[in-house]
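The chain contents come next:
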Amino acid sequence: MASLQNPPSIHRTLFLNTLAQTKLQSPLFLPSSRRSNSILVRAEHSSTATTSSSQEKSGRRQALVAVALVPCISLLNATPASFAAESKKGFQAVSDKKDGYSFLYPFGWQEVVIDGQDKVFKDVIEPLESVSVNMIGTSKEDIRDLGSPQQVAEALIKRVLAPSTQKTKLVEAKEQDVDGKAYYTFEFVAQAPNFTRHALGAVTIGNGKFYTLTTGANERRWEKMKDKLNTVVDSFKIFTADPSAPPA
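Described in the following lines is the structure provided in the data block.

Conventions and cut-offs
- Residues numbered from 1 in each chain as written.
- Predicted model: local features only at pLDDT ≥ 70, side-chain atom pairs only at ≥ 80, totals over all residues.
- Heavy atoms only, no water.
- Helix = DSSP H or I, 4+ residues; strand = E, 2+ residues; numbered from the N terminus.
- 1 Å grid on protein atoms, 1.4 Å probe; cavity = no way out; pocket = protein on both sides within 12 Å on 5 of 7 lines; lining within 4 Å.
- Points joined across faces, edges and corners; volume = space filled by probe spheres on them.
- Nonpolar A, V, L, I, M, F, W, Y, C, P; charged D, E, K, R; others polar.
- Pairing = 2+ DSSP bridges.
- Contact = heavy atoms within 4.5 Å.
- Axes fitted to C-alpha atoms, helices over the stretch in contact; angles between N-to-C directions.
- Phe/Tyr/Trp six-rings, centres within 6.5 Å; stacked < 30°, edge-to-face > 60°.
- Salt bridge = Lys/Arg side-chain N within 4 Å of Asp/Glu carboxyl O.
- Buried < 20%, exposed > 50% of the residue type's maximum accessible area, 1.4 Å probe, protein only.
- Expected span 1.5 Å × (residues − 1).
- Core = buried A, V, L, I, M, F, W, Y, C linked by side-chain atoms within 4.5 Å.

Here Ser 95 lies in strand β1 (residues 91-96). For Ser 95 and Ile 238, which are 143 residues apart along the polypeptide, the C-alpha to C-alpha distance reads 9.4 Å.

The structure is reproduced here in structure tokens:
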């Protein structure tokens, strides 16, 4: 049975050094429910009989506007993790405030503990279907300081994400900007003697750390799983870490 690769931390540190050298809730929240709508309607109907026709029309307009704004206010006050979880059916959200990252993973995957990884979830029946996150410290402040998406992805795949005994191929690598933060995302294939894993990855730098998320599946299940795996990668975000927060 295939397992996740877990290279020692020193290998990831050497990887970063090599790349560098070669230049590679709010009080305004209003629940959007029928009850809140009915309160607005009752408030409107409580106007006295002496209210003029124009005032009644104005009151109706204000009530309708308030009702229309309720779901908007709710969305604005939702946390990124909860918003993502509600927006993607069939996924569960992870938000690690202590280390400053969040992502989604398919419902049904189980968390497992693997040495060298900060967080791992995997399918217990299809072990190659998994997602893992790890981090190492870095003095760099931007992923672009390490090189282009292709340079970083190829070095990471060959030196960290796959053992030297596997034949690897980088399919695609690109840069994405999310809220002013640069992320590199990439797709690759790693071929072992008895299986081939089709995988996706995302890397970025923040909080004094180099973050890596990888997810994938057996090549034979790639077409079935690729949309879900792309959702996992696209959901990966980092934010300001809170060292005082309890571990996720």
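On we go from here.
Okay, the layout of surface pockets next. Where empty space is left can be seen by rolling a probe of water-molecule size over the atoms. In this structure, the second largest pocket spans a volume of roughly 190 Å³. As for the second largest pocket, its lining consists of 14 residues, and the residues nearest its centre are Glu 172, Lys 174, Glu 187, Leu 200 and Asn 230. Secondary-structure elements contributing two or more residues to the lining of the second largest pocket are β6 (167-178), β7 (181-191), β8 (196-206) and α6 (222-235). At 5 residues, α6 tops the list of elements feeding residues into the lining of the second largest pocket. Here the lining of the second largest pocket is built from residues that sort into 5 nonpolar, 4 polar and 5 charged.

This part covers the sheet that holds β7. What the 7 strands build is an open sheet, ordered β3-β4-β5-β9-β8-β7-β6; its pairing is antiparallel. Strands with a single pairing partner mark the edges of an open sheet, and in this sheet they are β3 (110-111) and β6. For β7 and β8, the ladder comprises 8 bridges, and the chain directions are antiparallel. Among the inter-strand pairings, Phe 188 is bridged to a residue of β8, identified as Ala 199. This element, helix α5 (residues 149-161), spans β6, β7, β8 and β9 (209-218) of the sheet and lies at about 130° to β6. Lying on the sheet, α6 is in contact with β5 (130-137), β6, β7, β8 and β9; it crosses β9 at an angle near 165°.

A complete count under the given rule lists 7 aromatic pairs for this structure. Note on Phe 186 and Phe 188: the rings are 6.0 Å apart at their centroids and 35° apart in plane angle, and the pair reads as tilted. Among the aromatic residues, those joined into a ring-pair cluster are Tyr 101, Phe 103, Tyr 105, Phe 121, Tyr 183, Tyr 211 and Phe 236.

Strands sit in the order β1-β2-β10 across an open sheet of 3 strands; the sheet is antiparallel. This sheet does not close on itself; its edge strands, each paired only once, are β1 and β10 (237-238). Relative to β10, strand β2 (residues 101-106) runs antiparallel, the two sharing 2 bridges. Opposite Ser 102, over in β10, you have Lys 237 as the bridge partner. With respect to the sheet, α6 is in contact with β1, β2 and β10, its orientation differing from that of β2 by roughly 170°.

Further remarks concern the pattern of salt bridges. Taken as a whole and judged by the stated rule, the model has 7 salt bridges. Its salt-bridge partner being Glu 129, residue Arg 221 comes within 2.2 Å of it at the nearest N-O pair. Placement of the pair is Arg 221 in the loop between β9 and α6 and Glu 129 in the loop between β4 (119-122) and β5, with a sequence separation of 92 residues. Given a relative accessible area of 17%, Arg 221 falls into the buried group.

Turning our eyes to something else, we now look at α5. Structurally, the α-helix is built with 3.6 residues per turn, so residues lying three or four positions apart point the same way. With 13 residues, α5 should cover 18 Å at 1.5 Å per step; its first-to-last C-alpha distance of 15 Å lies more than 12% under that length. Listed as buried for α5 are Pro 149, Val 152, Ala 153, Ala 155, Leu 156, Ile 157, Val 160 and Leu 161.

With that settled, consider the pairing of β5. Burial analysis of β5 places 7 of its 8 residues in the buried class, the great majority of the element. Two elements, β5 and β9, share 8 bridges in a ladder whose sense is antiparallel. Bridge assignment links Gly 137 to a residue of β9, and that residue is Lys 209.

Turning to the nonpolar core, a few remarks are in order. Formed by 24 residues in total, the largest nonpolar core has its most connected members in Tyr 101, Phe 103, Val 131, Leu 213 and Phe 236. Tallying contributions element by element places α6 first for this core, with 5 residues. Residues Ile 143, Leu 146, Ala 162 and Ala 173 belong to the second largest nonpolar core, which totals 20 residues.

The buried fraction of β7 amounts to 9 of the 11 residues, a majority that puts the element mostly inside the structure. The sheet contact formed by β6 and β7 spans 11 bridges and is antiparallel. Opposite Glu 172, over in β7, you have Glu 187 as the bridge partner. Two successive antiparallel strands, β6 and β7, enclose a turn made up of 2 residues, where Asp 179 displays a positive phi of approximately 55°. Remark: 4 residues form the turn of the hairpin made by β7 and β8, two consecutive strands paired antiparallel.

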